4 protein chains.
Amino acid sequence: MKKKEKTYQQILEATFILFAEFGIQGTSLAMIAEKVGISKPSIYYHFPSKDALIETVFKVIFADYRFDNYFQIDKMTAKNFEKKLYSGGISMIPETNEENFIVMKVLNEFILTAGREHNYAGEIVELQKDFLLGFERCMDKGVELGVVDAKDSKAKSQLLALTIDNISNYMLMGIQVEYRKIWKLAITNIMERVDK
Amino acid sequence: MKKKEKTYQQILEATFILFAEFGIQGTSLAMIAEKVGISKPSIYYHFPSKDALIETVFKVIFADYRFDNYFQIDKMTAKNFEKKLYSGGISMIPETNEENFIVMKVLNEFILTAGREHNYAGEIVELQKDFLLGFERCMDKGVELGVVDAKDSKAKSQLLALTIDNISNYMLMGIQVEYRKIWKLAITNIMERVDK
Amino acid sequence: MKKKEKTYQQILEATFILFAEFGIQGTSLAMIAEKVGISKPSIYYHFPSKDALIETVFKVIFADYRFDNYFQIDKMTAKNFEKKLYSGGISMIPETNEENFIVMKVLNEFILTAGREHNYAGEIVELQKDFLLGFERCMDKGVELGVVDAKDSKAKSQLLALTIDNISNYMLMGIQVEYRKIWKLAITNIMERVDK
Amino acid sequence: MKKKEKTYQQILEATFILFAEFGIQGTSLAMIAEKVGISKPSIYYHFPSKDALIETVFKVIFADYRFDNYFQIDKMTAKNFEKKLYSGGISMIPETNEENFIVMKVLNEFILTAGREHNYAGEIVELQKDFLLGFERCMDKGVELGVVDAKDSKAKSQLLALTIDNISNYMLMGIQVEYRKIWKLAITNIMERVDK
DNA sequence: TATGAATGAGACTTCATTCAT
DNA sequence: TATGAATGAAGTCTCATTCAT
């Protein structure tokens, strides 16, 4: 029983890594089997089909890639708001975290696929909304704490979501941007100018 | 002569549309041939290989998707700077531009592929840099015109590039964001607060 | 395990026969599969590619077609030298042996191919040299036994090699030559005229 | 009219050279067209099919590769018999005759093909017989001139034919043999030992 | 006299999947 | 719990050939 669970995990992990490197369509069961060190049909013992495997991979990512994993709103105070927001964003950026890099790559695969096949479309959108809503809650908290102007707070949250999201994309493409400065700038811009 | 050119264009267009719908790997020569209404080997009369066809599609997009097609820096003045910047960005957004929708989808395909196969990687990066540099030139112009504070002007331009880029991505995914507000907000934020 | 080995052998044998009949290039995997009674992709379970299959066929022939399989030098004596040489040569000639006929045909295929693709060139030459050297050793033995004049013994051995080789070629082409007489004549000519 | 004839010859020549290099099956009409510098369908203006082209190539070779082109029996005398025989053979050997090298390669192609398709089989055999008969006439002449023992004269002629034929084969394969010595030896062997 | 454009047949190969063991 | 053996469908690509121009 333990062995089964182990192989299952190995298959998932191998698939995960291969998806990041070769894409979903570019990854064959043969490749996965070889990486795990099992035979091709063995995969069918654990997953009824390639599609099911894909979906499982998706769900695993889906489960982990959540706003609350990066930002803890309930720990935000007027004093640390800007700082928490800043460090949360930075922790999302692939470069800073190897694991993230692969996750993001596979995620991008799914996002692209989502536009074509409707299997994941819903969940992808849900995932993006999780972040959008997370930033909204965050802005609300900021307003509540008196560090963010209530005006256009929804657009502000979306701007933050977009920014952090695309910084990741650029990192993934290997384009170097001054992401700390950019993120800082984005945050500063949406915050109330107390000095005024 | 005309006939060849016509079929050539038909193949390109069909490929283009199919790439947008099914992805590069998900599009077979059989599908293209069927869509055009020719036989599979006929494609080889016009393109030496599938790779060559892919590359041509890529170059066509690459040729058109340029910063200067959307923003005309030389026509910017202190007075219309904000407005021009705003309208230029809006014109890039898929929803407002049917044609753009497909272009962006295929472009995304290439971007994803670029991370894996190094065929287009260089050109993709070049393309992204074209936009990054475009916004930089834009900020410089803004500084020159006295409507943008010189401080962190590079990070500002990157922020704008990221924002407009990712608004497109969200639209592609079918996630509705208040993109006009977001874009407005982004622009306002980077502009000098003359009222201060 | 046994099943695999069996199919493997069946593929090899079918390939062998088809090569003899239609040539290497003239034999498709479809033809092989049909002859064996399996599906085309099944061949790939046993051989990674057509080239690999070709090479295996080549090696099988290569392993069997050896001078020592036809001539046993160590059993030659002054008395039986001429006779052993004669019977060894005769046993090589295709007509006398159905199996040989196919082997020779396929071998000729490889020889022809060898001139073009350098895959087998080296081994083909090695094979020919095996026979050339075999006859040289044979002549040396003859000299040692005192039944062959040492003069030009190398040219003599080459003459024998050429003769037996081309008798085969003629048989393959269906040209009837008095091969027994020819071979006899060739042997007689190179032997020391003791009676003179 | 002249132009037509010229192109016709160019096609033949190109085909000839390509056959020698890539084999008959390995040579496509596209390759021929490219080498000549014309379009693929243009070949069909001069030859009704690839098979027809192949046959023409065959006939051209067939017309030139004749015993009488290398050996002039009517000029043989008792004195020069051995010498003429020797030089005639040497002139047939590819190494000594650049042109011959290609001819022999293509000829070998046809010989191999002949075993499979019955198109050329008859003519190939006829060609080989031309040489066999040539050597027979040659031996008869030798007998008539009193320099060759009448006994087994047919087998002797066949031995000579085989020998010179296979020296060519070895040269083609790039196996160096002492062909002058071999040929000399073969001739000496079949000649009457006048010194006895 | 030649070619531009196209095609049906078929080549090798890979894939996800099945099923008896 | 896993695999050995096999397969139908589909992929890219090449070939000899056709036909209107």
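Each residue is numbered by its place in its chain's sequence as written, counting from 1. Note on labels: chains are lettered from A, ligands numbered from 1, in written order. The model is predicted, so local features are restricted to residues of pLDDT at least 70 and side-chain atom pairs to those at 80 or more, both for listing and for counting; the totals for chains, interfaces and linings are taken over all residues. By convention in this description, side-chain values take in all heavy atoms of the structure and omit both hydrogens and water.

The name given to chain A in an unreviewed UniProt entry is TetR/AcrR family transcriptional regulator, with Listeria newyorkensis as the source organism.

As a further point, take the interface of chain B and chain A. Facing 42 residues of chain B, the contacting portion of chain A comprises 41 residues. Roughly 3700 Å² is buried in total at the junction of chain B and chain A, and carbon and sulfur atoms are behind 64% of that figure. Each salt bridge in this description consists of a side-chain nitrogen of Lys or Arg and a carboxyl oxygen of Asp or Glu lying within 4 Å of one another. Across the chain B-chain A interface, the total number found is 2 salt bridges. Between A:Lys181 and B:Asp152 there is a salt bridge whose closest N-O contact spans 3.8 Å. Contacts described as polar in this section are N or O atom pairs within 3.5 Å, which, within protein, must combine one atom able to donate a hydrogen with one able to accept it, while residues neighboring in sequence count only if both atoms come from side chains. Our count for the chain B to chain A interface comes out at 12 residue pairs in polar contact (both at pLDDT 80 or more). Strands here mean DSSP runs of E at least two residues long; helices mean DSSP runs of H or I at least four residues long; both are numbered from the N terminus. Sorting the residues of the side of chain B that touches chain A by element identifies helix H1 (2-22), helix H7 (98-116), helix H8 (118-145), helix H9 (153-173) and helix H10 (179-190) of chain B as the ones contributing at least two each. Take the side of chain B that touches chain A: its biggest share by element is 14 residues, from H9(B). Gly counts as polar in this scheme, as do all residues outside two lists: the nonpolar Ala, Val, Leu, Ile, Met, Phe, Trp, Tyr, Cys and Pro, and the charged Asp, Glu, Lys and Arg. Split into classes, the residues belonging to the side of chain B that touches chain A amount to 18 nonpolar, 12 polar and 12 charged. By definition in these notes, contact holds between two residues if any of their heavy atoms fall within 4.5 Å. The term buried area means the drop in 1.4 Å probe accessible area that two parts suffer when joined, counted for both and summed.

The next thing to look at is the relation of the copies chain C and chain D. Superposing the two chain copies requires a rotation about an axis and a translation along that axis. Here the copies are superposed with least squares, the fitted atoms being C-alpha atoms of residues at a pLDDT of at least 70 in both. Taken as rigid bodies, chain C and chain D are interconverted by a rotation of 179° and an axial shift of 0.1 Å, the fit giving an RMSD of 0.2 Å. Here the transformation between the copies is reduced to the relation of a two-fold axis. The fraction of interface residues of chain C whose copies in chain D are also interface residues reaches 100%, indicating that both copies meet through the same surface.

Moving on, we come to the protein's contact with DNA strand F. Residues are labelled near a given molecule or strand when at least one of their non-hydrogen atoms is within 4 Å of it. Taken together, 35 residues form the shell around DNA strand F, and within it A:Ser42, B:Tyr44, C:Lys4, C:Ser42 and C:His46 come nearest. At the protein interface, 63% of the atoms of DNA strand F within 4 Å belong to sugar or phosphate. B:Ser28 places a polar side-chain atom, nitrogen or oxygen, 3.3 Å from a phosphate oxygen of DNA strand F. Between DNA strand F and C:His46 there is a distance of 2.6 Å, counted from a phosphate oxygen to a side-chain nitrogen or oxygen. Of all the secondary-structure elements, those providing two or more residues to the surface near DNA strand F are helix H1 (2-22) and helix H3 (43-46) of chain A together with helix H1 (2-22) and helix H3 (40-46) of chain C. Of the residues forming the surface near DNA strand F, the biggest block, 4 residues, is contributed by H3(C). Split by residue class, the surface near DNA strand F holds 14 nonpolar, 14 polar and 7 charged.

For the rest of this paragraph, the subject is the packing of helix H10 (residues 179-190) of chain C against helix H9 (residues 153-173) of chain D. At their nearest, the axes of H10(C) and H9(D) sit 9 Å apart, and the two run at 80° to each other. In terms of axis orientation, H10(C) runs roughly perpendicular to H9(D). Of the residues in H9(D), those touching H10(C) at C:Lys181, C:Ile182, C:Leu185, C:Ala186 and C:Asn189 are D:Ala155, D:Lys156, D:Gln158, D:Leu159 and D:Leu162. Note on method: axes are straight lines fitted to C-alpha atoms, helices fitted across the in-contact stretch only, with angles between N-to-C directions ranging 0 to 180 degrees. The labels follow the angle: roughly parallel below 35 degrees, roughly antiparallel above 145, roughly perpendicular from 65 to 115, and oblique for the rest.

With that out of the way, let us pick up the pattern of salt bridges. Counted under the stated rule, the structure contains 17 salt bridges over all chains. For A:Arg137, the salt bridge identified is with A:Asp68, shortest N-O distance 3.4 Å. Linking A:Arg137 in helix H8 (residues 118-145) with A:Asp68 in helix H5 (residues 67-70), this pair joins segments that are 69 residues apart in sequence. Counted as one network, the salt bridges with shared partners bring together A:Lys181, B:Lys151 and B:Asp152.

So, about the domain arrangement of chain A. All names here are of chain A. The source of the domain bounds is an automatic or database domain assignment. Taken domain by domain, chain A consists of domain 1 (2-58) and domain 2 (65-190). Spacing between the C-alpha centres of domain 1 and domain 2 amounts to 30 Å. If you look at the interface, domain 1 gives 10 residues, while domain 2 gives 12 residues. At the boundary of domain 1 with domain 2, total buried surface from both sides reaches about 1000 Å², with 77% on carbon and sulfur atoms. Where domain 1 touches domain 2, the interface holds 0 salt bridges. Our count for the domain 1 to domain 2 interface comes out at 1 residue pair in polar contact (both at pLDDT 80 or more). If you list the elements that add at least two residues to the side of domain 1 that touches domain 2, you get H1 and helix H4 (50-64). Among the elements that take part in the side of domain 1 that touches domain 2, H4 stands out by supplying 4 residues, more than any other. Looking at the side of domain 1 that touches domain 2 residue by residue, the class counts come to 7 nonpolar, 2 polar and 1 charged.

Glancing now at the interface of chain C and chain D. Each partner contributes to the interface: chain C provides 41 residues, whereas chain D provides 41 residues. Summed over the shared surface of chain C and chain D, the result is 2 salt bridges. Taken together, the links from chain C to chain D amount to 11 residue pairs in polar contact (both at pLDDT 80 or more). Listing elements by their share of the side of chain C that touches chain D, those giving two or more residues are H1, helix H7 (98-116), helix H8 (118-145), helix H9 (153-173) and H10 of chain C. Among the residues forming the side of chain C that touches chain D, the class breakdown is 18 nonpolar, 11 polar and 12 charged.

UniProt positions are given in the numbering used here, feature names are shortened, and annotations may be inferred rather than shown by experiment. In this structure's numbering, the residues bearing the UniProt feature "domain: HTH tetR-type" (unreviewed entry) are residues 5-65 of chain A. Helix makes up 74% of residues 5-65 of chain A and strand 0%, whereas the separation of the span's terminal C-alpha atoms amounts to 23 Å.

The next point concerns the UniProt feature "DNA-binding region" (unreviewed entry) in chain A. Residues annotated in UniProt with the feature "DNA-binding region" (unreviewed entry) correspond here to residues 28-47 of chain A. Structurally, residues 28-47 of chain A is divided into 60% helix and 0% strand, and its ends, taken at the C-alpha atoms, are 14 Å apart.

What follows covers the side chain of D:Lys141. Residues and elements named next belong to chain D. By the element assignment, Lys141 lies in helix H8 (residues 118-145). Per-residue accessibility, obtained with a 1.4 Å probe over protein chains only, is compared with the maximum for each type, and a residue is labelled buried under 20%, exposed over 50%, and partly exposed between these values. His is not counted, nor are the chain ends; Lys and Arg add positive charge and Asp and Glu add negative charge. Glu144 provides the closest opposite charge to the buried, unpaired Lys141, separated from it by 4.8 Å. In contact with Lys141, other than residues within four places in its own chain, are Ile73, Asp74, Met76 and Phe81.

Let us now look at helix H4 (residues 50-64) of chain D. The terminal C-alpha atoms of H4(D), which comprises 15 residues, lie 22 Å apart, in line with the 21 Å expected from a rise of 1.5 Å per residue. Within H4(D), the full set of buried residues consists of D:Ala52, D:Leu53, D:Ile54, D:Thr56, D:Val57, D:Phe58, D:Ile61 and D:Phe62. In a helix, the anticipated span is given by 1.5 Å times the number of residues less one.

Here the focus is the side chain of B:Thr163. Here B:Thr163 is to be found in helix H9. For B:Thr163, the side chain forms a polar contact with the main-chain oxygen of B:Leu159, separated by 2.6 Å.

What follows concerns the packing of H9(C) against H9(D). Two numbers describe how H9(C) lies on H9(D): the axes approach to 8 Å, and their chain directions differ by 95°. Judged on the interaxial angle alone, H9(D) and H9(C) are roughly perpendicular. Counted together, C:Leu159, C:Ala161, C:Leu162, C:Thr163, C:Asp165, C:Asn166, C:Ile167, C:Asn169 and C:Tyr170 of H9(C) and D:Leu159, D:Ala161, D:Leu162, D:Thr163, D:Asp165, D:Asn166, D:Ile167, D:Asn169 and D:Tyr170 of H9(D) form the full contact between these two elements. Tallied by class, the residues present in the contact of H9(C) with H9(D) amount to 10 nonpolar, 6 polar and 2 charged.

This brings us to the environment of A:Leu12. All names here are of chain A. Note that Leu12 resides in helix H1. Since its relative accessible area comes to 9%, Leu12 is described here as buried. Distance from Leu12 to Val36, taken between C-alpha atoms, is 9.4 Å for residues 24 residues apart in sequence. Once you skip the residues sitting within four places of it in the chain, Leu12 turns out to touch Phe47, Leu53, Thr56, Val57 and Val60.

We now examine the nonpolar core. Counting residues in each nonpolar core, the largest one holds 141 residues, and the members touching the most others are A:Tyr65, A:Leu85, A:Phe110, A:Trp183, B:Tyr65, B:Leu85 and B:Phe110. In this view, B:Phe110 contacts B:Ile24, B:Ile54, B:Val57, B:Phe58, B:Ile61, B:Tyr120 and B:Ile124; residues no more than four positions away in its chain are not counted. Definition of nonpolar core: a set of buried residues of the types Ala, Val, Leu, Ile, Met, Phe, Trp, Tyr and Cys, connected through side-chain atoms within 4.5 Å.

The next subject is H9(D). Residue and element names in this part refer to chain D. Counted at 1.5 Å a residue, the expected span for H9 with its 21 residues is 30 Å, and the 30 Å between its end C-alpha atoms agrees. The buried count for H9 comes to 20 of 21 residues, which makes it a mostly enclosed element. Downstream of H9 by a residue or two, Gly174 has a phi angle that is positive, lying close to 85°.

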